[in-house]
Amino acid sequence: MMAMATITAADMYRSGCERPVLDPSVTARRFAWFETVGYVGGVMQPQVTSRSVAARYVQLILGCTVLGSGVAMVLTAELGSDGYSSLVSGFTIRSGLPFWLLNAVVGAIFVGVAWLRGRKPGPGTLVQWFHVGFVISIMLELLPEVESVMGRSVMLAAGLVLIAFGVAAYLASNTGAGPAEAMALSFDPPLPFRWSYSILQLTCALVGWLMGAAIGPGTVLIFLLMGPAVDVIRHFWKWLEFPPIEMVA
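Residues numbered from 1 in each chain as written. Predicted model: local features only at pLDDT ≥ 70, side-chain atom pairs only at ≥ 80, totals over all residues. Heavy atoms only, no water.

### Points about the packing of aromatic side chains
Within this structure, the stated rule accounts for five aromatic pairs. On the basis of an interplanar angle of 25 degrees and a centroid distance of 5.0 Å, the ring pair of phenylalanine 193 and tyrosine 197 is categorised as stacked. On the criterion of helical spacing, the pair formed by phenylalanine 193 and tyrosine 197 is a turn pair, its members being four residues apart in helix α9 (residues 193-210). Classification of tyrosine 197 as buried rests on a relative accessible area of 4%. On the basis of an interplanar angle of 20 degrees and a centroid distance of 5.8 Å, the ring pair of tryptophan 237 and tryptophan 239 is categorised as stacked. Among the aromatic residues, ring-to-ring pairing joins Phe165, Trp237 and Trp239 into one connected group. (Phe/Tyr/Trp six-rings, centres within 6.5 Å; stacked < 30°, edge-to-face > 60°. Helix = DSSP H or I, 4+ residues; strand = E, 2+ residues; numbered from the N terminus. Buried < 20%, exposed > 50% of the residue type's maximum accessible area, 1.4 Å probe, protein only.)

Listed below in structure tokens is the structure:
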């Protein structure tokens with residue numbers, strides 16, 4: 001029988017590619033508790049351990065927690081929210097319905113459209129959808145009010161950094177994307193995520209603004225920088241990447 005060689009999931013997905021890369025010198029330094037793929041008799045065989053599955057979902061929860069904390073900081077800074085939130089706020093202003101209800105409706109529409117385009121929801125879709133909102137609610141109660149422009153600007157910048165790392169981490173768990181990210185990913189290809197996400201945020205912000213929602217510098221920074229920032233983090237932190245669930249089921 002042919003001897004087995006293994007590569008980590010991070011090596012399989014370096015630079016966002018789908019082809020596995022066999023590099024034993026790199027493998028020895030990577031995290032052994034991730035899913036590995038072995039070649040047995042020339043056939044690629046996934047090997048999944050309970051520890052690797054746990055690591056995937058721990059990363060999902062932590063990523064969504066960081067994301068929610070970042071969104072709360074951006075909202076507290078009151079210098080403009082993300083485009084998706086602006087869209088929901090606009091619908092709230094026009095309809096008079098509760099924000100949480102319209103957030104659920106808009107989210108369901110986004111996930112449904114993405115599903116029709118081939119981006120299937122997963123456990124991470126529900127976790128992102130509800131856990132992030134839960135974290136935002138808690139953090140809004142804990143964060144202090146900041147009155148100075150400098151303090152609000154610092155809080156905005158910190159929030160944007162947390163959002164970028166949170167989105168990158170939870171997407172890298174490959175357990176399913178939340179509404180905004182799923183919609184953007186459903187257009188990749190042909191449009192890379194870094195641009196589809198920015199275009200989505202811009203479109204949502206404009207529609208929300210036309211319906212009366214407030215936008216600001218934070219809104220502009222999110223649609224300009226967030227998509228590219230998430231791509232950069234996932235490119236340089238490849239150890240965050242897990243293979244898609246369907247590959248290891």
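Now that the structure is up, let's keep going.
### Describing the packing of α9 against helix α10 (residues 217-236)
In the contact formed by α9 and α10, the axes pass within 7 Å of each other and the chain directions differ by 160 degrees. As the angle between them shows, α9 and α10 are arranged roughly antiparallel. Two packed elements cross with a definite hand, and for α9 against α10 that hand is right-handed. Contact residues: α9 offers Phe193, Arg194, Trp195, Tyr197, Ser198, Gln201, Leu202 and Ala205, while α10 offers Thr219, Ile222, Phe223, Leu224, Met226, Gly227, Pro228, Val230 and Asp231. Partitioned by chemical class, the residues of the contact of α9 with α10 number 11 nonpolar, four polar and two charged. (Axes fitted to C-alpha atoms, helices over the stretch in contact; angles between N-to-C directions. Parallel < 35°, antiparallel > 145°, perpendicular 65-115°, else oblique. Left-handed = near helix turned anticlockwise from the far one by under 90°. Contact = heavy atoms within 4.5 Å. Nonpolar A, V, L, I, M, F, W, Y, C, P; charged D, E, K, R; others polar.)

### Thoughts on the environment of leucine 162
With respect to the helices and strands, the residue leucine 162 is situated in helix α7 (residues 149-172). Overall, the relative accessible area of 29% leaves leucine 162 in the partly exposed class. Excluding residues within four positions of it along the chain, leucine 162 makes contact with Val66, Leu67, Ser69, Gly70 and Met73.

### Describing the packing of helix α4 (residues 83-95) against α9
The N-to-C vectors of α4 and α9 enclose an angle of 25 degrees; their axes lie 7 Å apart at closest approach. Between α4 and α9, the angle is such that the two are roughly parallel. Every pair of crossing elements has a handedness; the one defined by α4 and α9 is left-handed. Each of Gly83, Tyr84, Ser86, Leu87, Gly90 and Arg94 in α4 lies in contact with α9, whose residues at this interface are Gln201, Cys204, Ala205, Val207, Gly208 and Leu210. Tallied by class, the residues present in the contact of α4 with α9 amount to six nonpolar, five polar and one charged.

### Some details on the layout of surface pockets
Each pocket or cavity is described by its volume, and for the second largest pocket that value is around 740 Å³. Lining the second largest pocket are 33 residues, and of these Tyr84, Ser85, Asn103, Val132 and Ile136 sit closest to its centre. (1 Å grid on protein atoms, 1.4 Å probe; cavity = no way out; pocket = protein on both sides within 12 Å on 5 of 7 lines; lining within 4 Å. Points joined across faces, edges and corners; volume = space filled by probe spheres on them.)

### Describing α9
For α9, spanning 18 residues, the distance from its first C-alpha to its last is 25 Å, which sits close to the expected 26 Å at 1.5 Å a residue. Taken residue by residue, α9 has Phe193, Ser196, Tyr197, Ser198, Leu200, Gln201, Cys204, Ala205 and Gly208 as its buried positions. In this fold, the buried residues of α9 make contact with α4, α5 (99-116), α7, α8 (179-185) and α10. Glycine 212 occupies a position one or two residues after α9 and carries a positive phi of about 110 degrees. (Expected span 1.5 Å × (residues − 1).)

### Focus on α10
With 20 residues, α10 extends 27 Å between its outermost C-alpha atoms, agreeing within 8% with the 28 Å of an ideal straight helix rising 1.5 Å per residue. Leucine 225 marks where α10 bends most, by close to 45 degrees; the proline proline 228 follows one to four residues later. Regarding α10, the residues found buried are Gly218, Thr219, Ile222, Phe223, Met226, Gly227, Val230 and Ile233. Residues of α10 that are buried make contact with α7 and α9. (Bend = angle between axes of the 7 residues up to and from the residue.)

### Here we look at a nonpolar patch on the surface
A cluster of nonpolar side chains, Leu97, Trp100, Leu101, Val105, Ile109 and Val113, forms an exposed patch at the surface whose accessible area comes to about 540 Å². Tracing the sequence through the fold places valine 113 in helix α5. A relative accessible area of 32% means that valine 113 is categorised as partly exposed. (Patch = residues over 30% accessible without salt bridge, like charges linked within 9 Å, V, L, I, M, F, W, Y side chains within 5 Å. Areas by Shrake-Rupley, 256 points an atom, 1.4 Å probe, with all protein chains shown as cover. Salt bridge = Lys/Arg side-chain N within 4 Å of Asp/Glu carboxyl O.)

### Concerning the pattern of salt bridges
Going through the model one piece at a time under the given rule, you end up with two salt bridges. The shortest N-O distance in the salt bridge between arginine 194 and aspartate 231 comes to 3.4 Å. Of this pair, arginine 194 sits in helix α9 while aspartate 231 is found in helix α10, placing the two residues 37 residues apart along the sequence. Exposure remark for arginine 194: the relative accessible area of 33% places this residue in the partly exposed category. Judged by its relative accessible area of 24%, aspartate 231 falls in the partly exposed class. The shortest N-O distance in the salt bridge between glutamate 241 and arginine 234 comes to 2.8 Å.

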